[in-house]
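Below, each chain spelled out in residue letters.
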Amino acid sequence: MNASDTPVHRRGALRAGAGAALAGALAAGCADRDAAGTRAGAVTDAVSPKNPADATTRPPSPRPAPGPHRFPGQPVQIDHGPRDRARVALTFHGQGDPVIARTVLAEAERAHVRVTVLAVGSWLDEHPDMARRILDGGHELGNHTQHHTDISSMGEAEAYAEIDDCARRLRRLTGSIGTWFRPSRTRYATPLVQRLAARAGYPHVLSYDVDSLDFTSPGAAAVTRKVAGEIRNGSVVSLHFGYADTAAALPLLLTEIDRRRLRAVTTTELLT
């Protein structure tokens, strides 16, 4: 999990190979979804098996995912971690093509890096297996509203529904409402949204201090330059699934993080 455990030059070679393979992975388009098996995180049937032996061969249910943490001394709205430790958190808005999302996760895992994913509820409805894929990779999973619309412009009831509906999806799929909440279509939550998030069970709202602007599709080099120019101890970086530039930039970005002797961790680890 510690990105510093592997020599930089070996990681560079691995990421170079991953970058070469990326074009083929993205050109292949969406992979076929699994056609069989229980959906990841779904509730299993409670009916007793007809054959008692079935009870011993059925795989165990996944352990519930971690829930939110309260960090004493931290504000309700968090946009960075401690500046005196060489750690950073890469956070991803969870939406878009699942093929690209899987490519990003796999690249992070090759570098022994764990990230924080704030998933959109409607995306989880379409791709429920992604919730367990994220968690099984050792990453964090959180709430990025149900429909990813402008939560700041909503009234109280509508805004709360956006938060709570996504939390319900997460609980159904993983046994937890997730570790973090991030508001949609805005960098910072309004006081109303902060209160509603607390009501839904999230003691903190997760913002960021480095915006990669990868959603503008400026090219992998531009994404890397933007983040490299602003990242420092304690930074929380905003990135997105679903953009080819992000996937292509990640090997370069991880190499730059290593070069600066920074360690990429989950947001919870950043603040712990």
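*Asks:* Can you walk me through the packing of helix α8 (residues 220–228) against helix α9 (residues 244–259) in this structure?
*Replies:* Packed helices, taken two at a time, are described by the angle between their axes plus the distance between the axes. Running from N to C, α8 and α9 cross one another at 40°; their axes reach a closest spacing of 8 Å. The angle between the axes of α8 and α9 places the two elements in the oblique class. In the packing of α8 onto α9, the handedness of the crossing is right-handed. In contact with A220, V223, T224, V227 and A228 of α8, α9 contributes D245, A248, A249, L252, L253 and E256. Taken together, the residues of the contact of α8 with α9 break down into eight nonpolar, one polar and two charged.

*Asks:* What is the right way to look at the side chain of T116 in this model?
*Replies:* Positionally, T116 belongs in strand β3 (residues 116–119). Not counting the four nearest positions on each side in its chain, T116 is found in contact with L90, T91, F92, E140, W180, L206, T266 and T267.

*Asks:* What exactly am I supposed to notice about the layout of surface pockets here?
*Replies:* To locate leftover empty space, one rolls a probe as large as a water molecule over the atoms. Of the voids in this model, the second largest pocket is the one considered here, and its volume is about 230 Å³. Residues that form the lining of the second largest pocket fall into these classes: four nonpolar, seven polar and two charged.

*Asks:* Would you take a moment to explain the side chain of S184 for this structure?
*Replies:* Along the polypeptide, S184 turns up in the loop between α6 (156–174) and α7 (191–200). Under the relative-accessibility criterion, S184 is labelled buried at 0%. Polar side-chain contacts of S184 include one of 3.3 Å to the side chain of T145. With sequence-adjacent residues up to four places away left out, S184 is seen in contact with H144, T145, H148, T149, D150 and I151.

*Asks:* Before we go on, may I ask you to explain the environment of L141 in this structure?
*Replies:* Secondary-structure assignment places L141 in strand β4 (residues 140–143). Along the chain, L141 and F92 lie 49 residues apart, while their C-alpha atoms are 9.6 Å from each other. Not counting chain neighbours up to four residues away, the residues in contact with L141 comprise V117, A119, A131, I134, L135, L170, T174, G178, T179 and W180.

*Asks:* I would appreciate a short explanation of unusual backbone geometry in the present structure.
*Replies:* Excluding glycine, most residues fall at negative phi; most peptide bonds, likewise, are trans. Its identity is not glycine, yet R185 carries a phi of approximately 60°, on the positive side. Following the sequence through the fold, R185 ends up in the loop between α6 and α7. Here S217, not a glycine, exhibits a phi torsion of approximately 50°, which is positive.

*Asks:* How should I be thinking about empty space enclosed by the protein in this particular structure?
*Replies:* Counted under the stated rule, the structure contains one cavity of 30 Å³ or more. A volume near 30 Å³ is recorded for the largest cavity. Looking at the lining of the largest cavity residue by residue, the class counts come to five nonpolar, three polar and no charged.

*Asks:* Could you clarify how one ought to interpret the nonpolar core in this entry?
*Replies:* Most often, soluble globular proteins have nonpolar side chains that are buried together. L90, F92, W123, I163, Y202 and F241 are the most contacted members of the largest nonpolar core, which has 55 residues in total. Residues I78, A89, W180 and L206 belong to the second largest nonpolar core, which totals 11 residues.

*Asks:* I would appreciate a short explanation of the pattern of salt bridges in the present structure.
*Replies:* Opposite charge on two side chains permits them to pair, given that their charged atoms come into close proximity. A full pass over the atoms with the stated rule returns 11 salt bridges. Across the salt bridge formed by E256 and R259, the nearest N and O atoms sit 2.8 Å from each other. Of this pair, E256 and R259 both sit in helix α9, three residues apart, which is roughly one turn of the helix. Through salt bridges with shared partners, a single ionic network connects D125, R169 and R172.

*Asks:* When you look at the pairing of strand β2 (residues 87–94) in this model, what are you seeing that I'm missing?
*Replies:* Here is the key point about a regular strand: its side chains alternate between the two faces of the sheet. Buried residues dominate β2, accounting for seven of its eight residues. Strand direction decides the pairing type here: β2 and strand β8 (residues 263–265), joined by three bridges, are parallel. Among the inter-strand pairings, V88 is bridged to a residue of β8, identified as A264. As paired elements, β2 and β3 share four bridges and run parallel to each other. By the bridge assignment, G94 is partnered in β3 with A119. Between β2 and its parallel partner β3, the chain crosses via helix α3 (residues 98–110), and the hand of that crossover is right-handed.

Conventions adopted
- Residues numbered from 1 in each chain as written.
- Predicted model: local features only at pLDDT ≥ 70, side-chain atom pairs only at ≥ 80, totals over all residues.
- Heavy atoms only, no water.
- Axes fitted to C-alpha atoms, helices over the stretch in contact; angles between N-to-C directions.
- Helix = DSSP H or I, 4+ residues; strand = E, 2+ residues; numbered from the N terminus.
- Parallel < 35°, antiparallel > 145°, perpendicular 65-115°, else oblique.
- Left-handed = near helix turned anticlockwise from the far one by under 90°.
- Contact = heavy atoms within 4.5 Å.
- Nonpolar A, V, L, I, M, F, W, Y, C, P; charged D, E, K, R; others polar.
- 1 Å grid on protein atoms, 1.4 Å probe; cavity = no way out; pocket = protein on both sides within 12 Å on 5 of 7 lines; lining within 4 Å.
- Points joined across faces, edges and corners; volume = space filled by probe spheres on them.
- Buried < 20%, exposed > 50% of the residue type's maximum accessible area, 1.4 Å probe, protein only.
- Polar contact = N/O pair within 3.5 Å; in protein donor to acceptor, adjacent residues only side chain to side chain.
- Core = buried A, V, L, I, M, F, W, Y, C linked by side-chain atoms within 4.5 Å.
- Salt bridge = Lys/Arg side-chain N within 4 Å of Asp/Glu carboxyl O.
- Pairing = 2+ DSSP bridges.
- Right-handed = clockwise from strand over helix to strand, strands pointing away.

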